[in-house]
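Take a look at the letters that make up each chain.
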Amino acid sequence: MTTELPESHPPVELRASHADREAVVERLQEAAAEGRIDFAELDTRLEKALGAKTQAELAPLTADLPSVPDPREAEPLVLKGGIHGVRRTGPWQVPPRITAHGGMAGVVLDFTMTTCRLPEVQVEAHGEMAGVVIIIPEGWAADTYGVQPGLGAVRDKTTPERRPGTPMIRVTGTGGTAGVVVRHLSARELRKLERKKTR
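An account of the accompanying structure is given in this report. (Residues numbered from 1 in each chain as written. Predicted model: local features only at pLDDT ≥ 70, side-chain atom pairs only at ≥ 80, totals over all residues. Heavy atoms only, no water.)

Some points on the overall build of the chain
What counts is decided by this rule: Put simply, DSSP marks the helices as runs of H or I at least four residues long and the strands as runs of E at least two long, and each gets a number from the N terminus on. Type-normalised accessible area, obtained with a 1.4 Å probe on protein chains alone, sets the label of each residue: buried when under 20%, exposed when over 50%, and partly exposed for intermediate values. What makes two residues a contact is simply this: any of their non-hydrogen atoms within 4.5 Å. Accessible surface area values rest on a Shrake-Rupley calculation with a 1.4 Å probe, where residue burial reflects the displayed protein chains alone.
A count of helical and extended segments in the chain gives 4 helices and 10 strands. N-terminal to C-terminal, the α/β element order of the chain is α-α-α-β-β-β-β-β-β-β-β-β-β-α. Relative to its 199 residues, the chain shows a buried fraction of 38%. The long-range share in the chain, meaning contacts at least 24 apart out of those at least 6 apart in sequence, stands at 67%. Carbon and sulfur atoms provide 54% of the accessible area of the chain, an area that totals close to 12,800 Å².

Points about the sheet that holds strand S9 (residues 168-174)
Think of a sheet as strands paired side by side through backbone hydrogen bonds, with each pair either parallel or antiparallel. Applicable threshold: One requirement defines pairing of two strands: DSSP has to find at least two bridges between them. Only the stretch in contact is used when a helix axis is fitted, and all axes are lines through C-alpha atoms; the angle between N-to-C directions ranges over 0 to 180 degrees.
Taking strand neighbours across the sheet as the criterion, the 5 strands line up as S1-S3-S5-S9-S7 in an open arrangement whose pairing is parallel. For this open sheet the edge positions go to strand S1 (77-80) and strand S7 (141-148), each flanked by a neighbour on one side alone. Averaged over all neighbouring strand pairs, the angle between strand axes comes to 15°, with direction disregarded.

Describing the packing of helix H1 (residues 18-33) against helix H3 (residues 55-62)
Selection rule: Here the angle decides the label: under 35 degrees means roughly parallel, over 145 means roughly antiparallel, 65 to 115 means roughly perpendicular, and every other value means oblique. Just so you know the grouping, Ala, Val, Leu, Ile, Met, Phe, Trp, Tyr, Cys and Pro go in nonpolar, Asp, Glu, Lys and Arg go in charged, and all remaining residues, Gly too, go in polar.
At their nearest, the axes of H1 and H3 sit 10 Å apart, and the two run at 10° to each other. The pairing of H1 with H3 is recorded here as roughly parallel in orientation. Within the contact between the two elements, H1 uses Asp 20, Arg 21, Val 24, Arg 27 and Leu 28 and H3 uses Gln 55, Leu 58, Leu 61 and Thr 62. Here the residues of the contact of H1 with H3 are counted per class, giving 4 nonpolar, 2 polar and 3 charged.

A short note on unusual backbone geometry
Phi angles above zero are rare outside glycine, and Glu 128 is one such case at about 50°. Inspection of the secondary structure assignment puts Glu 128 in the loop between strand S5 (120-126) and strand S6 (132-135). In this structure Glu 128 comes out as partly exposed when scored by relative accessible area, which is 31%. Although it is not a glycine, Ala 153 sits at a positive phi angle of roughly 70°.

Notes on a nonpolar patch on the surface
The following threshold applies: Patch criteria: residues need more than 30% relative accessible area and no salt bridge. Like-charged residues are merged within 9 Å; nonpolar side chains of Val, Leu, Ile, Met, Phe, Trp and Tyr are merged within 5 Å. When a carboxyl oxygen of Asp or Glu is within 4 Å of a side-chain nitrogen of Lys or Arg, the pair counts as a salt bridge.
The grouping of Ile 83, Met 104 and Met 129 at the surface amounts to a nonpolar patch, some 380 Å² of accessible area in total. Mapped onto the elements, Met 129 comes out in the loop between S5 and S6. Take Met 129: its relative accessible area is 58%, and that puts it in the exposed class.

Everything listed is a geometric property; what it means functionally is a separate question.
Shown next as structure tokens:
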């Protein structure tokens, strides 16, 4: 009597999702910005990444690049309005997590001159006595459903259209007495910004 061995099958190659491909594309773009690969190689790798059907096809494209720390493990940027207020404006490095306390003089977070490649930025905003104002460029989107309104309420004045490649600003926290406002630049602020760019 002979015992038949079970039929062997080749290992199954896991299919790549849209999120898998987008993560590789983002890492390649970061590597090019860091000077690790040139633009010709970037184009070649991006073409392969966008056409990849399995994770095995994606893996070699970033195998020679250093791993990136999980942004969820990074310490948040903490801003406290206190009695003098805090304004984060102009070009600044956007971290994946921000905590803003309005205090007695308020906090303004202006993202309009920033470069942000993160798919999502989490902002924990507490309006307290003076409020928190968050200004985002046209084409960026905000989600304010996670904010408890309090006395000051939550006012989302942004447009819902979100351009591809822009971050989602996901706001949580409490409105407090003065509230939390998320908006785009006003017409006056846009004119002032354009004048700065032409100088």
